[in-house]
Amino acid sequence: NDVPVLDDLHDAVEQGLAQVESMLDLESQLIAKGLTVDRGTSAHLHSLMVGNSGSQQQKDSALNAVRILAASSHLKNKLNWSADQARRSLPQLSLDKTALKNSCPESITCPSSNVTIKYRPIDGSCHNLFRPDWGKANTPFQRALPNAYSDGVFEPRNSPSSPLKSPRVVSTSFIKPASTTASDFTLMLMTWGQLITHDLTKASSFTSADGKTPQCCNVTSGQPLDREYLHPFCLSIEIPVNDQFYSKYNQTCMSFVRTQIGADYSCSFGHAEQLNSITHWLDGSMIYGSSSSELSDLRLGQGGELKNSTTSDGKELLPLRSSCSDATCYYAGDVRAQENPQLAVVHTVMMREHNRIARALKQLNSLWSEEVLFQETRSIVIAELHHITYTEYLPAMLGEQAMRDYNLNPSATDAYSTYDETTARDPSVWNEFAAAVFRVGHSQVQGTLVLYNASDDQVPDQSFTLSSYFFDASKLPQPGFIDNAIRGLTKQMPLAINAEYTSQLTNYLFKGSNPYGMDLVALNVQRGREHGIPDYNTVRVFCGFPKANTFDDLASEIDQATINSLKNAYDSVDDIDLYIGCLAESAQPVNGSLLGPTGLCVVAKQFAVTKNNDRFFYDVGNQPNSFTMVQLNEIRKTSLARILCDNNNGDVSTMQPKAFRAPDATSNNGRQPCSSIPSINLTAWKDAKASPNKASVVAPSVLLAFIFIPSLLMYIFIIDTQDHQC
Ligand code: HEM
């Protein structure tokens, strides 16, 4: 309980710096020995999903955060602080007088022109001019609740009673084979969930100085690596020798690397905060990227369009990387775009929607510069993402009641919502949401993807299993695939959110050409623990439910059979991982929703934070970026159904108006001609003079032309008349 003196701080910093130096030495040795993940392994495909493609500057700053963290651990140990005391006291201690004072991120300044900024900065910064860092890519997640690291600093959450069981044991004790579908919905609900996840959050794993992912298991033997070869950021998952599946392949180790951490702008000692490597906003970053270099890689540079590649019959596909040797050649604003073919289809649709709008705007406003065409189009596409997410996706996931309770409904026709920079709060994604709760969407994933032809009949020989096509979008150029997949996504049902999972995710995730893969449930559990996410019981209380003292106290929210499997997985009700608890309660969802009460509370609160603190949210009025009311009312006509109609390969001519809901004529949602589904009338963007608060979209050259050409004509007329007079 000692109060530290300056010497303590110096000592801790010195030890922290030395610890990181020896980590870097070890890292060089491991790289020299080739102990980084190899192509062709599941760990390699996993690293494509969570890998870190950040710049050198970002890697350097993450390494500084590791130094601060190491110093914090030393200080905590030296002072013999409890986890709670470390949690409370470390952030109060400034690094200012220590050798680490220059290791903290430099504060961000926004150009003064940002006061009247019209378009979102691509890296998420400068949305709120009081806190320009809020929402920026490569800043830490925020926490709804204090961290639950077992040491209060960085050690994964553990149980106060007996050690937590291995995440793989939790998975096999709790998860059942998939059998229940959500028959009122379509698989598109799952894929849109994944798409907006990739807009909001990406926790990138730690990578070594050469950008490679450390190897955490012995690839040849399938056993853990010897301690001396273990990178400090490895946290591989133990698989019991008698595992029902992996024992066949003699695997006792699942590779896992911890998430990259970052320091915040307060420049103090403290606990680990994981970085979100993309912007925290719902801003289409999975389409446009989260940095200017990503964006310039994606822009065509003509007509405001995005780059693309074309099929032999002239259809636009995502652009292809020039030097590319495997099936992961397409790229978009997010590296996970082709994690599965269905997601890649939706990415393709959104890229086409951008280009469709850009071409239409060019027709309407031929004098707009390329930049204005691009940015105006981007604003419209982001507004469409907002509208679909908040008026179609969230009502389907959370139900109408929760939309009202959590104030999630956007404003109605002819109205704006308001934004006040002085009262806006931190919009960053919650760690609890990203590392645990929203991952319940994984249980919606179907193991077999079904395709439908133009007569809306299944094409059995085109169905495929997910695990054969992770990070493989080679199907996209095949004739008929995109349209059959769009019909499949809007007809096949998702699985219900509960404890049932397809084995494609629990045994075969990222298997590539191997006979086995990874277990996504185990990865999620391990991720929650290593991010220091509090247990389910604690988050229940945060959401206003009574703390459970025994497993049976959960009976109002969780059915008895599920409580029994929780008892198999955990020794105490306080041990339950948040992600597992949210899956457990979703078997009895809140009325009108697909989630149980705690999951619903966290997801709803997160989407309220995302919407209410965003100056650029599509229905906000009175801002330099606001749409005119005419434009906003046009955006309100958009729907996912219409976007699918407008951007397929030409063979999808019918769609149900509510694409996340099952096509069913009896509930007024049958497939109907695309022409009957409302669409945005883009003439609302024609002629800037008719929309005063959009006046700046007229390029300066156009304004000059307005002034200059009449004057010139007048001059010619006068000269001409004078000539004649002579
Ligand atoms: C075929 C479909 C999907 C696959 C294969 C997949 C796979 C993965 C993997 C491998 C990770 C990283 C796991 C780790 O921590 O190591 C992940 C993260 C995540 N997934 Fe999915 N996922 C899918 C669909 C979804 C859906 C439908 C949702 C939600 C509705 C979702 C939400 C999330 C979230 C919130 C994260 C954390 C992202 C981050 O912060 O890095 N995923 N997913």
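Just so you know, these numbers come straight off a predicted model, no measurement behind them.

Peer 1: Kindly report on the overall build of the chain, identifying the contributing residues and their values.
Peer 2: A count of helical and extended segments in the chain gives 22 helices and 12 strands. On the principal axes, the C-alpha backbone points of the chain span a range of 105 × 65 × 50 Å. For the chain, with 726 residues in total, the buried portion stands at 52%. Taking as baseline every contact in the chain between residues at least 6 positions apart, the subset at least 24 positions apart corresponds to 76%.

Peer 1: I'd like a rundown of the site of the ligand, residues and numbers included.
Peer 2: Not every one of the 22 residues close to the ligand is listed here, only the nearest: Gly-193, Thr-201, Ala-434, Gly-441 and Arg-527. Only helix H2 (42-50), helix H6 (187-200) and helix H15 (520-530) provide two or more residues apiece to the shell around the ligand. The element best represented in the shell around the ligand is H6, accounting for four residues. Grouping the amino acids of the shell around the ligand by side-chain chemistry returns 10 nonpolar, eight polar and four charged. Counting contributing residues per domain, the shell around the ligand is built from domain 1 (6-167 + 200-276) and domain 2 (188-199 + 278-498 + 587-683), each supplying no fewer than three.

Peer 1: Explain the UniProt feature "binding site: heme b" (unreviewed entry) in the chain to me, and be specific about the residues and the numbers.
Peer 2: When the UniProt feature table is mapped onto this chain numbering, "binding site: heme b" (unreviewed entry) sits at His-442. With respect to the secondary-structure elements, His-442 resides in the loop between helix H12 (431-435) and strand E8 (448-449). Among all residues touching His-442, those that are not within four sequence positions of it are Leu-505 and Leu-520.

Peer 1: So, the nonpolar core: which residues are in play, and what are the values?
Peer 2: Grouped together as the largest cluster of nonpolar side chains are 185 residues, with contacts concentrated most on Val-437 and Val-603. Considering each element in turn, this core owes the most residues, 15 residues, to helix H10 (residues 370-398). Of the domains in this structure, domain 1 (6-167 + 200-276) and domain 2 (188-199 + 278-498 + 587-683) are the two that each give at least three residues to this core. Setting aside chain neighbours within four positions, we find Val-437 in contact with Glu-432, Leu-578, Tyr-579, Cys-582, Gly-599, Val-602 and Val-603.

Peer 1: Got a sec to walk through the environment of Leu-578? Specific residues and values, please.
Peer 2: Mapped onto the elements of the fold, Leu-578 is located in helix H18 (residues 578-586). Sequence-distant contacts of Leu-578, defined by excluding residues within four places in its chain, comprise Glu-432, Ala-436, Val-437, Gly-528, Ile-533, Pro-534, Asp-535, Tyr-536 and Val-539.

Peer 1: Tell me about the confidence of the model for the chain, and please be specific about residues and values.
Peer 2: Low pLDDT marks regions whose predicted coordinates should not be analysed in detail. Per-residue pLDDT for the chain has a mean of 92; in total, 93% of the residues score no lower than 70. Low pLDDT, under 50, characterises residues 690-726; the stretch is placed with 19 contacts to residues that sit more than four places away or in other chains. Our summary of model confidence lists the complex with pTM equal to 0.93 and ipTM equal to 1.00.

Peer 1: Any chance you could break down the packing of H10 against helix H19 (residues 597-612) for me, citing the residues and the numbers?
Peer 2: At a minimum axis separation of 11 Å, H10 and H19 run at an interaxial angle of 160 degrees. It follows from the interaxial angle that H10 and H19 lie roughly antiparallel. The chirality of how H10 crosses H19 is left-handed. Between H10 and H19, the contacting residues are Tyr-390, Leu-394 and Leu-398 on the first element and Leu-600, Val-603, Ala-604, Phe-607 and Lys-611 on the second. Here the contact of H10 with H19 is composed, by residue class, of seven nonpolar, no polar and one charged.

Peer 1: Requested: an account of helix H3 (residues 56-78), with residues and values cited.
Peer 2: Taking 1.5 Å per residue, 23 residues should reach 33 Å; H3 reaches 33 Å between its end C-alpha atoms and fits that length. Remark: Asn-80 follows H3 within two positions and exhibits a positive phi of approximately 60 degrees.

Peer 1: Tell me about the packing of H15 against H18, and please be specific about residues and values.
Peer 2: At a minimum axis separation of 8 Å, H15 and H18 run at an interaxial angle of 130 degrees. It follows from the interaxial angle that H15 and H18 lie oblique. Residues Asn-524, Val-525 and Gly-528 of H15 form the contact with H18, whose own contacting residues are Leu-578, Tyr-579 and Ile-580. Looking at side-chain class alone, the contact of H15 with H18 contains four nonpolar, two polar and no charged residues.

Peer 1: Tell me about the environment of Pro-177, and name the residues and values.
Peer 2: Position of Pro-177 among the secondary structure elements: in strand E2 (residues 176-177). Pro-177 sits in the exposed class, given 10 other C-beta atoms within 10 Å. Sequence separation of Pro-177 and Thr-502 is 325 residues, and the distance between their C-alpha atoms is 6.1 Å. Here Pro-177 is in contact with Glu-500 and Ser-503, once residues within four sequence places are set aside.

Peer 1: Hey, could you go over unusual backbone geometry for me, with residue numbers and the actual values?
Peer 2: The backbone of Asn-407 sits at a positive phi, close to 55 degrees, despite the residue not being glycine. Among the structural elements, Asn-407 can be located in the loop between helix H11 (400-405) and H12. A positive phi angle, close to 65 degrees, is found at Asp-414, a residue other than glycine.

Rules of the game
- Residues numbered from 1 in each chain as written.
- Predicted model: local features only at pLDDT ≥ 70, side-chain atom pairs only at ≥ 80, totals over all residues.
- Helix = DSSP H or I, 4+ residues; strand = E, 2+ residues; numbered from the N terminus.
- Buried ≥ 20, exposed ≤ 12 C-beta atoms within 10 Å, placed from the backbone.
- Contact = placed C-beta atoms within 7 Å.
- Near = placed C-beta within 6 Å.
- Nonpolar A, V, L, I, M, F, W, Y, C, P; charged D, E, K, R; others polar.
- Domains from an automatic or database assignment.
- UniProt positions renumbered as here; feature names shortened; annotations may be inferred.
- Core = buried A, V, L, I, M, F, W, Y, C linked by C-beta atoms within 7 Å.
- pLDDT = per-residue confidence, 0-100.
- Axes fitted to C-alpha atoms, helices over the stretch in contact; angles between N-to-C directions.
- Parallel < 35°, antiparallel > 145°, perpendicular 65-115°, else oblique.
- Left-handed = near helix turned anticlockwise from the far one by under 90°.
- Expected span 1.5 Å × (residues − 1).

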